[in-house]
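Here is what each chain is made of, one letter per residue.
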Amino acid sequence: MLTKEEKNKIAEEMSHMPSAQASIIDALNIVQDAHGHVSDEDMKELADFMQVSISELESVATFYNLVFRKDPGEHVISVCDSISCFVCGSDEVMQTFAEKLDIRPGETTKDKKITLLPTVCLGYCEKAPAISVDGEIITNVSPEKAREILKDLTGGGS
Amino acid sequence: MEKVLTFELSPNDGPVMIDRYIADGGYAALDKAIGMDSGEITALVDQSGLRGRGGAGFPTGFKWKAMPDPDTCSHPRYILCNFDEMEPGTFKDKYLALNNPHVILEGLIIAAKAVQADIGYIFLRGEYKKVRKVLEEAIAEIRKKGLLERSKLGFDFELHIHMSAGRYMCGEETALINALEGKRANPRSKPPYPQQCGLFGKPTLVQNVETLANIPAIVRNGTDWFKSQAKHKNGGTKLYGVSGRVKTPGCWELPMGSTLREVIYEHGGGMQDGYEFAAALPGGASTMFMGPDHLDTPLDFDTLKEHGLSMGTGTVIVLDDKTCPVAATANLAKFYARESCGWCTPCREGLPWVHALLVDIEEGRGVNGDYEELVKQIEMIGPNTYCAFAAGASFPILSALMMFEDVFKEHIRLGRCTYRLEKQAAGR
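The paragraphs below set out a description of the structure included in this document. (Residues numbered from 1 in each chain as written. Chains lettered and ligands numbered in written order. Predicted model: local features only at pLDDT ≥ 70, side-chain atom pairs only at ≥ 80, totals over all residues. Heavy atoms only, no water.)

Now for the overall build of chain B. Looking only at helices and strands, chain B features 19 helices and eight strands. The globule rule puts the C-alpha radius of gyration for 428 residues at 22 Å, and the 22 Å found for chain B is close to it. Looking at the 428 residues of chain B, the share that counts as buried comes to 62%. Partitioning the intrachain contacts of chain B with sequence separation of at least 6 by distance along the chain shows that 71% fall at a separation of at least 24. The average position of the 48 basic charges and that of the 54 acidic charges among the side chains of chain B differ by 3 Å. (Helix = DSSP H or I, 4+ residues; strand = E, 2+ residues; numbered from the N terminus. Rg over C-alpha atoms; globule rule 2.2 N^0.38 Å. Buried < 20%, exposed > 50% of the residue type's maximum accessible area, 1.4 Å probe, protein only. Contact = heavy atoms within 4.5 Å. Lys, Arg positive; Asp, Glu negative; His and termini not counted. Charge placed at Lys NZ, Arg CZ, Asp CG, Glu CD.)

Now the structure itself:
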């Protein structure tokens, strides 16, 4: 369900654009910020509210990396695997997360706590390897640091 | 050389906000530009020889001159600041915005005056939340000072930030326009160029962050001064950066035409202990590998072009001797295969294929003929697509195939990666 606040924000974005379609990405960002992903129901509601077709919305939603159409876990860990981070050991960082969480990149733990994603260059190459946890950038990540990050996220467990 | 983009900042000083920026001479160029004719500003930038800093190095003045006469074309006219910065290994625009956001805004407003734009968008990549905060604060500051008012500028100008939802393709200027229109970021065919038919079909200028940041100093100090800042050709200062196994990776404003040796050894502190320099991509992933024989080649657009190389964004990615060049090439191919927008068949279908073949070779499943097949595929993909993405993908891959031919062929002959075994033996 889109809240009144979300609808107001979307309307504000639409107000300075010459077409409804032009605000689709802003609208998807607003819904995702509030709900962590864009559900099928929210897509329908968004299409009604913006007066654009669902297929138009879907074509945009599925194109962009940061729009999640499926519900991710409570926390999302994105590990940069582009060249600078790769050279500085991002493979080992990804491997540490995958082993500790017992999932493969792209999957969510069974308890829905953590989603692990590979991601393209985050623009923090000078402090490689870089990862993003729930949108916050963490840099110079080593396998040890990765284990600590997991401990913090899972409340000391594992 | 005067550090006109970054002033004399260290990365830990925090952003220069408006009072200090003005105290250091900021917005004086805007005042000067307001008193100038639009055509005069364009002529000045054109004569300075300023080249676009987003990677392609296209002459900025040429782009501005291509904007149609405002009296005979429809409004609004748009100016778009390309802050997508998704090129792997590139972090210069982020560095600039986090240190000196107002120099970007001042350049943007002067450019808007020159091309008589009515609306500006800063197209910012989704992950740059810190940058967004700094830019929003800086925009709020100039609004408060009345710097965006008609009474100050002499024209109406609206400025917005658009947060991208993330896709490498958005950095291509016509794809960026599609993204701003709320569409899939596929490229458009050119012509028509954005200046004729851009955002919402209106005249549009798209310019990289660092390019715009160069404008205030050009307006303030003139073209001779600008040209004198460079060591060699192309004029001005440049944000160079380095990442990889160097001691102190980072970003610095240096004279245009600085060399790999200066960037890596003088500013980057040299290679980390236990690692040797093998090769470098001079400006993000979409450039060609340069070997040790190019350590003293000036990094500017024209000189590198003369060597059959390209400058790209000027943020150097160092490949060390302990990283397998085949694995690194496979990594680059993976990036391009994943980020291809899928519009053109050679790029959409060819790149995953190239990636799979590279992984096979790296993991010991290569067979005779694979090397030649890779070269053939890359040469087929590069030039046969709509936009420069596939060509950008082909540069690092093809240059790696040429530079490390022996390593690729050894992988195929031995059926294994020798680097990996050495790494295991050394316990790394």
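Residues and elements named next belong to chain A. In terms of burial, strand 2 (residues 114–119) is a largely internal element, five of the six residues being buried. Here six bridges tie strand 1 (residues 75–80) to strand 2, and the two strands are oriented parallel to one another. Pairing of Val-76 across the sheet is with Thr-115, part of strand 2. (Pairing = 2+ DSSP bridges.)

Residue and element names in this part refer to chain B. Relative to the elements of secondary structure, Gly-269 occurs in the loop between helix 12 (260–267) and strand 7 (277–281). Along the backbone, Gly-269 and Ala-213 are 56 residues apart, and their C-alpha atoms lie at a distance of 27 Å. With residues up to four places along the chain from it excluded, the contact list for Gly-269 reads Lys-247, Thr-248 and Ile-264.

Right, let's get into the sheet that holds strand 2 of chain A. Residues and elements named next belong to chain A. Spatial strand order, 2-1-3-4: four strands in an open sheet with mixed pairing. The outermost strands of the open sheet, each flanked by one partner alone, are strand 2 and strand 4 (136–138). Strand-to-strand, the axes of this sheet are offset by a mean angle of 25°, without reference to chain direction. Taken together, the three bridges between strand 3 (residues 131–133) and strand 4 define a ladder with antiparallel strand orientation. Residue pairing for strand 4: Ile-131 is matched across the bridge by Ile-138. (Axes fitted to C-alpha atoms, helices over the stretch in contact; angles between N-to-C directions.)

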